[in-house]
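The residues making up each chain are set out below.
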Amino acid sequence: MKFMLSYLKRYRWLVAACMSLKLLGTILELLIPYVLEYMIDEVAPTKQMKLVLLWGAVMLALAALTRFTNVAANRLSVKSARNATYEIRRDLFWHSLNLSGSQTDVFGLPSLTSRMTSDSYNVQSFLQSGQALGVRAPIMLVGGIAITMTMDAGLSAILCVMAPIMLVVTVAVSLWGIPLYDKVQQSVDEIVRIMRENITGIRVVKALSKEDYERRRFQAANETMTRRERKAGVVMALPGPLMTMALNIGLTLVVVIGAIRVNNGVTKPGVILAFLTYFNMILMGVMGLNRVFMMMSKANASARRIKEVIDQPEGLAAIPEAQAAHTDQDGFIIFDHVSFRYGGAEGKPSSDAQKISDSKNDAESIQMSLSELSFTMKRGGSLGIIGATGCGKTTVINLLMRFYDPTGGHVFVDGKDVRTYEKDDLRRKFGVVFQNDVIFAESLAKNIDFGRGVDAEGIRTAAANARAQEFIEAYDDGYQHPAAIHGANLSGGQRQRVLIARALAAHPEILILDDASSALDYKTDAALRKVIREEYRDTTTIVVAQRISSIMSLNDIIMLDEGDVIGHGTHEELMATCPKYREIYHTQMGEGR
């Protein structure tokens, strides 16, 4: 609750105006039955039509003012809730982008997605409706009882007994329901994960005819969520029937006891009518509080999940020079006895996100690691990294760009420990194509520029160097041709060439190509390597590849096997000293042994 209020208080004047208008509207609404009772018991017996019309006009005016104040208050509540939720989503998005690799692994992308969508929606619904109902419901409850006590203390005793019972039931059930909504949101995470996997891998699902299998997998997750949501809904719906029963009992008592009191001349008929109206208002107040508690239960569970992300300490913040490692080695990029294991403790939240990711991280820590990796690169040099899937090739890139910190040893760029760089300062040095990189649903020009202010000529040059110019300019709209989500309207080779053009466009100090030519034919791959050698001579290049032809011409090559370096040197040196490298070469190049 404190988390939500910390954002809402920034719009305290809007909230104050909303609550003031809602308070005024509720008071005016409470006056309408009082005026009706006065008309029936005091004005009507006088048989003066002018007085009847006058008090009728007063009731109409009260109704009109009530509607005006309620509409105005609702608009203000929508505005303040919208603005506060905008800031919550903005902060959540920003902190999600700045999570370290370990923190992102712990939360998981599906969970981050559901926190941005369904969780933020629950928070907005509560902030919007809570302002109005939070004022109206208790005023209806307390005000209705207070006014009836001035009319007939005997009959109001019925309300004084019924209202606290209904209120206690509502609060108790709401407290019971809060933990249930935590489980509902965990189920949302699971459904988002399955949907994301299926949308991303739709071609694989169709190609292998696994639609029924995926349907069953989704159905199982959907049934779990439905079961949890049904349980939470049933619990939160319990006050409804109990209040209806209490209302009917109370109304029966009011009518029976009221009729007796009217017959005995103790009270008047208008009071009974007013009492029945106020009884409905009090019920509305209690039901309103029940709705507030229900939304608050959802919102508290959702706000706690959002807060977990926003409260995460800055992942891999820059350290002072005094705490940094130093090296006497001469090189632009230096890995000094670097070791790494996935699944470290850095950035772990205290939520169920941790439990969800534990098994995954344990498996990764066993299967993917690096051991005592050391190498140096001169500025403008080139390095190839090759090895079987899961041997740690991409991990080298992750450590170099400081998505993770090594568990042992140190990484240096341009003579400085990478931990001393501000993240943006370090990563601006890189142009990178990752293994599973993303084409955004923007024009091809915007995909290549990617918000870096590259001019049209620079975009064309980068596209030409990446061998993408020919197919881009074949479109009628050229560089303004829109790419579909994930580049679905481009072939694999076209996507990779656009991604390489993006990496080249800003003339990076360090170019990283992580399996970036796997979809390119050998001719295009060779032409691309030639352009990089000739046009980007000052750029330090690291190529992660499965194909030896992509790296054999580089200055230096590292052969990895399950995180260990089993070969290091030029192509010729590895052919002479590394049996596994030689085996891969003969297998791929088709030459005799």
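Up top is the structure.
The following refers to the structure shown. (Residues numbered from 1 in each chain as written. Predicted model: local features only at pLDDT ≥ 70, side-chain atom pairs only at ≥ 80, totals over all residues. Heavy atoms only, no water.)

## Section: the environment of serine 339
Next, step 1: Relative to the elements of secondary structure, serine 339 occurs in strand S1 (residues 333–341).
Next, step 2: As for serine 339 and histidine 410, which are separated by 71 residues in sequence, their C-alpha atoms are 8.7 Å apart.
Next, step 3: With sequence-adjacent residues up to four places away left out, serine 339 is seen in contact with Leu370, Ser371, Glu372, Pro406, Thr407 and Gly408. (Helix = DSSP H or I, 4+ residues; strand = E, 2+ residues; numbered from the N terminus. Contact = heavy atoms within 4.5 Å.)

## Notes on the side chain of lysine 429
Next, step 1: Mapping lysine 429 onto the fold places it in the loop between helix H13 (423–427) and strand S6 (430–433).
Next, step 2: A relative accessible area of 11% places lysine 429 in the buried class.
Next, step 3: Those residues in contact with lysine 429, other than ones at most four positions away along the chain, are Val413, Asp414, Tyr421, Pro508, Glu509 and Ile510. (Buried < 20%, exposed > 50% of the residue type's maximum accessible area, 1.4 Å probe, protein only.)

## Here's the deal with the packing of aromatic side chains
Next, step 1: Following the criterion strictly, the structure yields 7 aromatic pairs and no others.
Next, step 2: With centroids separated by 5.2 Å and ring planes inclined at 20°, the aromatic side chains of phenylalanine 440 and phenylalanine 450 adopt a geometry described as stacked. With phenylalanine 440 in the loop between S6 and helix H14 (444–449) and phenylalanine 450 in the loop between H14 and helix H15 (456–465), this residue pair connects regions lying 10 residues apart in the sequence.
Next, step 3: On the basis of relative accessible area, phenylalanine 440 is assigned to the partly exposed category, the value being 35%.
Next, step 4: Given a relative accessible area of 45%, phenylalanine 450 falls into the partly exposed group.
Next, step 5: Pairing phenylalanine 471 with tyrosine 475 gives two aromatic rings, centres 6.3 Å apart and planes at 85°, and the pair type is edge-to-face.
Next, step 6: Lying over the aromatic face of tyrosine 522, arginine 547 brings its terminal NZ or CZ to 4.6 Å of the ring centre. (Phe/Tyr/Trp six-rings, centres within 6.5 Å; stacked < 30°, edge-to-face > 60°. Lys NZ or Arg CZ within 6 Å of the ring centre and 35° of its normal.)

## Details of the sheet that holds S1
Next, step 1: Read across the open sheet, the 4 strands follow the order S2-S1-S4-S5; overall the sheet is antiparallel. The sheet terminates laterally at strand S2 (369–377) and strand S5 (416–417), the two strands that pair on one side only.
Next, step 2: Note: S1 against strand S4 (residues 408–413), 5 bridges, orientation antiparallel. Looking at the pairing, aspartate 336 lines up with histidine 410 of S4.
Next, step 3: The sheet strands contacting helix H12 (residues 393–400) are S1, S2 and S4, and the helix crosses S1 at an angle near 115°. (Pairing = 2+ DSSP bridges. Axes fitted to C-alpha atoms, helices over the stretch in contact; angles between N-to-C directions.)

## Some words on the packing of H15 against helix H17 (residues 492–505)
Next, step 1: Relative to each other, H15 and H17 sit at 125°, their axes nearing to 8 Å. In terms of orientation, H15 and H17 fall into the oblique class. Relative to H17, H15 is oriented so that their crossing is right-handed. Note on element contacts: H17 touches H15 through Ala501, Leu504 and Ala505, opposite Ala462, Ala463 and Asn465.
Next, step 2: For the contact of H15 with H17, the per-class residue count stands at 5 nonpolar, 1 polar and no charged. (Parallel < 35°, antiparallel > 145°, perpendicular 65-115°, else oblique. Left-handed = near helix turned anticlockwise from the far one by under 90°. Nonpolar A, V, L, I, M, F, W, Y, C, P; charged D, E, K, R; others polar.)

## Digging into a nonpolar patch on the surface
Next, step 1: On the surface, a nonpolar cluster with roughly 880 Å² of combined accessible area is contributed by Trp176, Val234, Leu238, Leu242, Met245, Ile249, Leu253, Val256, Ile257 and Ile260.
Next, step 2: With 7 residues, the single largest contributor to the nonpolar patch is helix H9 (residues 239–263).
Next, step 3: If you trace the backbone, methionine 245 turns up in helix H9. (Patch = residues over 30% accessible without salt bridge, like charges linked within 9 Å, V, L, I, M, F, W, Y side chains within 5 Å. Areas by Shrake-Rupley, 256 points an atom, 1.4 Å probe, with all protein chains shown as cover. Salt bridge = Lys/Arg side-chain N within 4 Å of Asp/Glu carboxyl O.)

## Describing the sheet that holds strand S7 (residues 510–514)
Next, step 1: Strand order across the open sheet formed by 6 strands is S6-S7-S8-S3-S9-S10, with mixed pairing between neighbours. At either end of the open sheet lies a strand with only one pairing partner, and these are S6 and strand S10 (564–569). Mean inter-strand twist for the sheet, computed between neighbouring axes without regard to direction, equals 15°.
Next, step 2: The strands touched by H12 within the sheet are strand S3 (382–387), S6, S7, strand S8 (540–545) and strand S9 (556–561), with S8 carrying the most contacts at an inclination of about 150°.
Next, step 3: Across the sheet, H17 is in contact with S6 and S7; its angle to S6 comes to roughly 175°.

## Re the side chain of threonine 420
Next, step 1: Examined against the element boundaries, threonine 420 turns out to sit in the loop between S5 and H13.
Next, step 2: In this structure the side chain of threonine 420 is engaged in a polar contact, spanning 2.7 Å, whose partner is the backbone oxygen of aspartate 417.
Next, step 3: Other than its neighbours up to four places away in sequence, threonine 420 contacts Ala318, Ile319, Pro320, Glu321 and Ala324. (Polar contact = N/O pair within 3.5 Å; in protein donor to acceptor, adjacent residues only side chain to side chain.)

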